[in-house]
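Here is what each chain is made of, one letter per residue.
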Amino acid sequence: MRRYLLFLFSCVCFTGVYAQQINWCTNSNAAQGGFKVNGTNGTVKGCAFQNNGFEVTVEGTVANDTYVFDYRGGDPTLPNGGLTNVKKFKYFKQGTYQILQFASNGTGSIACRTVEVYYPPNFTVRACSGRQVQVTIPDDSTAQRYDEFRIDWGDGTTSLVSKSSNMKSLHAYSSAISTANVLVSGLVGGEVVGGCVKPSAGIALNTTPLSSVAIRKVTVRDNGTVAILVRGTQGAAAEVEVSENNGTYRSSGQLMTTNDTTTVIVSNINALNNDYCFRLSAKDGCENTSTQLSNVVCATNLEVTAQNRQNELKWKQYPTDPNFLGYRIVRNSSIAQVVPSIATTTQIDANVVCGEQYCYQLVVQLSGGVESVSSLKCVKAISNIIPSGVRTPSVSVDESTQKIHVISTSPTSGITNSYKLVYLRSDDGSNNFKEIATQSNSFLYIDNEADPAKQSYCYKIQYENACGNRSEPTPPLCSVYLTSKTTSTVDWTSQSPFEVQVNQYELEILDEQGILVDQVPVGGNLSYNPEVYNPNQQLFRYRIIAYPQGGAGASYSNFFVFQREATVFVPDAFSPNDDNINDKFAPKGQFLDTSKLIIYNRWGQPLFETDNAFDGWDGKINGQPASEGTYIYRIEIKDSLGKGFVKTGTLLLAR
């Protein structure tokens with residue numbers, strides 16, 4: 001009983017004493033318990049890496065032990081004091097933690113241990129020029145918990161970085177390594193905190209030195225801005241600097257950081273009015289603090305002026321440069337000329353055609369393939385040369401369309417790739433020529449307004465080149481108009497369809513179906529009598545072909561249909577007395593096809609009718625001889641062309 005009472009008193013008194021304390025870990029009067037953290041009695045250091053946290057395990061040396069893993073003062077035995085009999089715990093945030101042990105073993109044993117939790121150090125890795133890599137460790141809350149840092153460069157070498165506000169380290173790799181794999185560890189007391197090692201992703205090394213940053217091409221654009229083709233290097237920042245009118249270089253505000261060629265546009269200038277030169281100021285952004293200046297390339301301008309039968313090109317001399325190789329003149333996207341002298345600043349392009357557009361660029365060639373290119377300048381070539389007249393002009397009536405075709409060929413001088421032909425016309429042989437049409441790039445004109453079957457039309461032709469210069473007009477060229485001036489002839493006009501006189505004519509003869517049956521040379525005659533050819537044919541189609549003197553070619557007239565009138569002879573008496581002389585009444589004629597004969601008495605009564613008037617009337621009515629006297633006849637006739645007409649009259653029957 002005495003022991004129980006003594007224990008109870010001791011517990012009550014102990015509890016009362018410690019309940020009054022602020023921090024149990026600092027109470028020197030408390031009886032000490034005992035436990036280990038992760039197998040050690042001292043301070044434990046660990047890494048809360050990513051989402052895994054830092055796990056600790058406690059191992060007590062007293063019985064009935066319970067723990068508070070993040071003890072911050074106060075009485076842990078009170079409700080919500082944090083006591084647990086769990087022996088494992090994870091810390092997910094960096095910091096300093098105390099673990100409190102409380103053992104209800106009759107003595108109220110208390111013990112505390114310290115746990116230091118770290119995050120892996122933050123850092124960035126950057127590939128620099130010349131196969132170098134720079135590691136930068138920010139001076140953040142994570143870094144402040146470490147004493148220093150160790151960098152494992154992955155090639156068998158390491159570096160220590162002391163803690164400061166600017167923690168950087170630069171390392172150069174050998175040519176045997178193409179990719180850097182860097183590990184950064186945090187150290188406390190000269191030891192790496194377990195697990196706090198952070199690897200980097202593989203970093204491709206930049207084998208190009210900073211000095212390789214260069215300008216490849218400078219091109220002046222039409223609006224005065226400049227496009228600069230820049231070759232960069234990985235990890236380097238290159239700034240475009242500009243000098244205006246030989247002044248000092250200033251920043252253009254354009255920055256590039258690519259490891260390839262790229263185009264940078266400098267827009268706050270006008271290179272059409274002022275002179276500009278450009279260079280690059282390059283830094284790789286690592287511990288290399290020196291600035292690398294690139295080659296200098298100046299903008300180039302070109303002026304082009306169209307002069308009579310030539311284009312003049314002028315430019316300013318390129319600044320003296322040991323890398324100058326020559327000027328190259330590009331015309332319509334092809335190299336037209338190479339000028340080797342830097343002092344030559346003008347050229348004449350006489351190989352031009354009036355009215356054609358020519359576009360030029362001046363390219364300054366520098367060593368290493370570097371170029372300075374002017375903006376594109378275009379002009380249209382001009383000339384005051386009057387072209388010669390068109391050659392072998394003629395007019396002719398087209399067989400199928402019966403439209404007048406005016407034909408010619410190109411002049412011998414003053415011609416251009418594009419041109420116009422100007423056509424003037426007068427009607428029916430007059431000399432009142434008026435411009436009727438302008439046709440581009442063709443030597444054939446079809447006059448759809450003229451009717452060659454009604455009259456002759458005369459034409460003059462002028463050639464107009466692309467510069468607007470016109471040739472002298474041709475002599476009048478007149479269509480051959482075929483018609484008939486009399487009932488027995490076909491006739492045609494005498495004006496020549498050529499620029500020379502007609503040598504001879506030829507008459508084409510076609511039948512009623514339009515088939516050519518003959519060609520009759522008629523020399524220089526202007527008339528022809530169809531009866532000479534075939535007096536027994538009522539209708540012919542004719543066409544005249546004119547041939548020029550001293551040259552080839554032919555001109556055709558319109559088609560003309562010549563038609564003879566049918567002729568009919570009707571006797572006024574006959575004597576049907578069987579003496580074989582004038583025994584029948586019958587019409588006779590030429591070009592007659594069908595006919596009908598009706599005989600009437602004096603009172604208009606029909607007495608005889610036949611569908612073939614050419615057989616005639618034998619003077620009988622119903623087989624009986626008709627009495628002598630006067631009768632009336634009516635003859636209905638169609639000629640060989642189907643034209644109908646009627647003949648009427650009286651006749652005398654005498655026996």
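Residues numbered from 1 in each chain as written. Predicted model: local features only at pLDDT ≥ 70, side-chain atom pairs only at ≥ 80, totals over all residues. Heavy atoms only, no water.

Novice: Explain the state of the cysteines to me, please; I cannot follow it from the model alone.
Specialist: Taken as a whole and judged by the stated rule, the model has six disulfides. Paired through a disulfide, cysteine 277 and cysteine 298 show a sulfur-sulfur distance of 2.0 Å. Here the disulfide of cysteine 277 and cysteine 298 is right-handed, its torsion about the S-S bond being about 95°. Placement of cysteine 277 in strand E22 (residues 276-283) and of cysteine 298 in strand E24 (residues 297-298) is noted, with a sequence separation of 21 residues between them. With respect to burial, cysteine 277 and cysteine 298 carry one shared label: buried. (Disulfide = S-S within 2.5 Å. Helix = DSSP H or I, 4+ residues; strand = E, 2+ residues; numbered from the N terminus. Buried < 20%, exposed > 50% of the residue type's maximum accessible area, 1.4 Å probe, protein only.)

Novice: Would you explain the side chain of serine 243 in this entry?
Specialist: Along the chain, serine 243 turns up in strand E19 (residues 237-244). Judged by its relative accessible area of 4%, serine 243 is buried. A polar atom in the side chain of serine 243 sits 2.5 Å from the backbone oxygen of glycine 247. Excluding residues that lie within four positions of it along the chain, serine 243 makes contacts with Thr248, Tyr249, Asp275, Tyr276 and Cys277. (Polar contact = N/O pair within 3.5 Å; in protein donor to acceptor, adjacent residues only side chain to side chain. Contact = heavy atoms within 4.5 Å.)

Novice: Please explain the sheet that holds strand E36 (residues 434-440) as it appears in this structure.
Specialist: Sheet strands pair by backbone hydrogen bonding; their relative direction is either parallel or antiparallel. Here we have four strands laid out as an open sheet, ordered E36-E35-E38-E39, and antiparallel in their pairing. Single-partner strands in this sheet number two, and they are E36 and strand E39 (477-478). Pairing analysis gives nine bridges linking strand E35 (residues 419-427) to strand E38 (residues 457-465), with the strands arranged antiparallel. From the neighbouring strand, valine 422 faces E38, where its bridge partner is glutamine 462. (Pairing = 2+ DSSP bridges.)

Novice: Explanation requested: unusual backbone geometry in the structure shown.
Specialist: With the exception of glycine, the majority of residues adopt a negative phi angle, and the majority of peptide bonds are in the trans configuration. A positive phi angle is found at asparagine 64, which is not glycine, with a value near 55°. Mapped onto the elements, asparagine 64 comes out in the loop between strand E3 (54-60) and strand E4 (65-68). Residue asparagine 64 is classed as exposed on the basis of its relative accessible area, which comes to 51%. Look at asparagine 441: it is not a glycine, yet its phi comes out positive at around 55°. The topology assignment puts asparagine 441 in the loop between E36 and strand E37 (444-447).

Novice: Sorry if this is basic, but what is going on with the pattern of salt bridges here?
Specialist: Here the idea is simple: oppositely charged side chains can pair when their charged atoms come close. Under the counting rule described, the total for this entry stands at 16 salt bridges. Across the pair glutamate 371 and lysine 217 runs a salt bridge whose closest N-O atoms are separated by 3.7 Å. Within this pair, whereas glutamate 371 is found in strand E31 (residues 371-373), its partner lysine 217 is found in strand E17 (residues 214-220), the two being separated by 154 residues in sequence. Taking relative accessible area as the criterion, glutamate 371 reaches 15% and is therefore assigned buried. Here lysine 217 falls in the partly exposed class, since its relative accessible area comes to 30%. Measuring nitrogen to oxygen at the nearest pair gives 2.9 Å for the salt bridge that ties aspartate 349 to arginine 331. Separated by 18 residues along the polypeptide, aspartate 349 in strand E29 (residues 346-349) and arginine 331 in strand E27 (residues 324-331) bring together distant segments of the chain. (Salt bridge = Lys/Arg side-chain N within 4 Å of Asp/Glu carboxyl O.)

Novice: Explain the packing of aromatic side chains to me, please; I cannot follow it from the model alone.
Specialist: Here a ring pair, both rings aromatic, is described through the centre-centre distance and the interplanar angle of the planes. Taken as a whole, this structure holds 23 aromatic pairs when the rule is applied. Relative to phenylalanine 278, the ring of tyrosine 276 has its centre 6.5 Å away and its plane inclined at 25°; by these criteria the two rings are stacked. Taken together, the aromatic side chains of Phe35, Tyr67, Phe69, Phe89, Tyr91 and Tyr97 make up a single cluster linked through ring pairs. One residue, arginine 145, lies across the ring of tyrosine 118, its end atom 4.6 Å from the ring centre. Sitting over the face of the ring of phenylalanine 433, lysine 460 holds its NZ or CZ atom 4.6 Å from the ring centroid. (Phe/Tyr/Trp six-rings, centres within 6.5 Å; stacked < 30°, edge-to-face > 60°. Lys NZ or Arg CZ within 6 Å of the ring centre and 35° of its normal.)

Novice: Sorry, what's going on with the environment of glycine 46 here?
Specialist: Structurally, the position occupied by glycine 46 is in strand E2 (residues 44-47). Of the residues examined, glycine 46 reaches a relative accessible area of 0% and is grouped as buried. For glycine 46 and glycine 194, which are 148 residues apart along the polypeptide, the C-alpha to C-alpha distance reads 5.6 Å. Setting aside residues no more than four positions away along its own chain, glycine 46 makes contact with Phe54, Glu116, Val117, Tyr118, Val193 and Gly194.

Novice: Sorry if this is basic, but what is going on with the sheet that holds strand E41 (residues 489-492) here?
Specialist: Sheet architecture is open: three strands sit in the order E40-E41-E44, paired in antiparallel fashion. Strands at the two margins of the open sheet, each flanked by one partner only, are strand E40 (482-486) and strand E44 (527-528). Where E40 and E41 come together, three bridges link them in antiparallel fashion. Residue pairing in the sheet places threonine 483 in a bridge with aspartate 491 of E41.

Novice: I'm lost on the environment of alanine 111 in this one. Help?
Specialist: Looking at where alanine 111 falls in the secondary structure, it is placed in strand E7 (residues 109-118). Once the C-alpha coordinates of alanine 111 and cysteine 25 are considered, the two residues, 86 residues apart in sequence, prove to be 6.9 Å apart.

Novice: What exactly am I supposed to notice about the nonpolar core here?
Specialist: Nonpolar side chains tend toward joint burial in soluble globular proteins. With 43 residues, the main nonpolar core has Val218, Val226, Ile228, Phe278, Tyr318, Tyr327 and Tyr360 as its most contacted residues. Of all the secondary structure elements, the ones that give two or more residues to this core are E17, strand E18 (226-231), E19, strand E21 (261-266), E22, E24, E27 and strand E30 (357-366). Once residues lying within four places of it in the same chain are set aside, the contact partners of valine 226 are Val218, Thr219, Val220, Val264, Ile265, Val266, Ile269, Ala271 and Phe278. Listed in part, the 23 residues of the second largest apolar core include Cys47, Ala127, Val135 and Met167. (Core = buried A, V, L, I, M, F, W, Y, C linked by side-chain atoms within 4.5 Å.)

No statement about biological role is implied by the geometric values presented.
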